[in-house]
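# Fold and geometry: a report
Read off the chains here:
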Amino acid sequence: MGPFRETWTKAEVEAVIARGDPAELLYVPLVVSLDPPGRVWAEQICLRLVGHPSPDVRGNALLGLGHLARIFRSLHRRRVQPAIEAGLQDRDPGVRGHASSAAEDVAWYLGWVLAGREHTRGRPVCPR
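Residues numbered from 1 in each chain as written. Predicted model: local features only at pLDDT ≥ 70, side-chain atom pairs only at ≥ 80, totals over all residues. Heavy atoms only, no water.

The subject of this paragraph is helix 5 (residues 55-72). Given 3.6 residues per turn, any residue in an α-helix points the same way as the ones three and four places further on. The end-to-end C-alpha distance of helix 5, which contains 18 residues, comes to 26 Å, matching closely the 26 Å that a straight helix rising 1.5 Å per residue would cover. In the segment just after helix 5, arginine 73 is the residue with positive phi, at about 60°. (Helix = DSSP H or I, 4+ residues; strand = E, 2+ residues; numbered from the N terminus. Expected span 1.5 Å × (residues − 1).)

What follows deals with the side chain of histidine 52. Positionally, histidine 52 belongs in the loop between helix 4 (39-49) and helix 5. On the basis of relative accessible area, histidine 52 is assigned to the buried category, the value being 17%. Among the polar contacts made by the side chain of histidine 52, one reaches the main-chain amide nitrogen of serine 54 at a distance of 2.9 Å. With residues up to four places along the chain from it excluded, the contact list for histidine 52 reads Pro22, Leu25, Val57 and Arg58. (Buried < 20%, exposed > 50% of the residue type's maximum accessible area, 1.4 Å probe, protein only. Polar contact = N/O pair within 3.5 Å; in protein donor to acceptor, adjacent residues only side chain to side chain. Contact = heavy atoms within 4.5 Å.)

Once that is clear, we can look at the confidence of the model for the chain. Taken as a whole, the chain shows an average pLDDT of 90; of its residues, 88% reach a score of 70 or greater. Taken element by element, the chain is modelled with least confidence in helix 1 (residues 10-19), mean pLDDT 92, and with most confidence in helix 5, mean pLDDT 98. (pLDDT = per-residue confidence, 0-100.)

Bringing the pattern of salt bridges into the picture now. In this structure the tally under the stated criterion is four salt bridges. Here glutamate 14 makes a salt bridge to arginine 48, at a shortest N to O gap of 3.2 Å. Pair noted here: glutamate 14 is in helix 1 and arginine 48 is in helix 4, with a separation of 34 residues, a long-range link. Since its relative accessible area comes to 46%, arginine 48 is described here as partly exposed. Of the charged contacts, one joins aspartate 90 and arginine 58 as a salt bridge, the two residues approaching to 2.9 Å between their closest N and O atoms. Taken together, the residues span a long stretch of sequence, with aspartate 90 in the loop between helix 6 (77-88) and helix 7 (93-110) and arginine 58 in helix 5 at a distance of 32 residues. The pair formed by aspartate 90 and arginine 58 is uniform in burial state, with each residue classed as buried. (Salt bridge = Lys/Arg side-chain N within 4 Å of Asp/Glu carboxyl O.)

What follows is the structure, given as structure tokens:
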């Protein structure tokens, strides 16, 4: 996927981040969240990228947080919830769409109700 082979290392991810090329960076949150070596590290990578100037990078970082919610059934709420809520208000419609997907994932898998999405309160939480 992008600059990554089927198997990748944390060092390769950090090298892509250091290069800062948005065409490569947009793959980082996807590879670290779909095949995470651990929740905390993958979550931190996604959180580092949610404020990136590129909407493709921001959107994929938010999508990655949703993947992590599904895989681990746990996220650091005080860090992740504000990031997703900010994404829901992003100026870019694609970012807002990915933030909405992440919001649905955290509602389903973690039982979180995010600001402005109280309508999901009655939704059942996925069994663990």
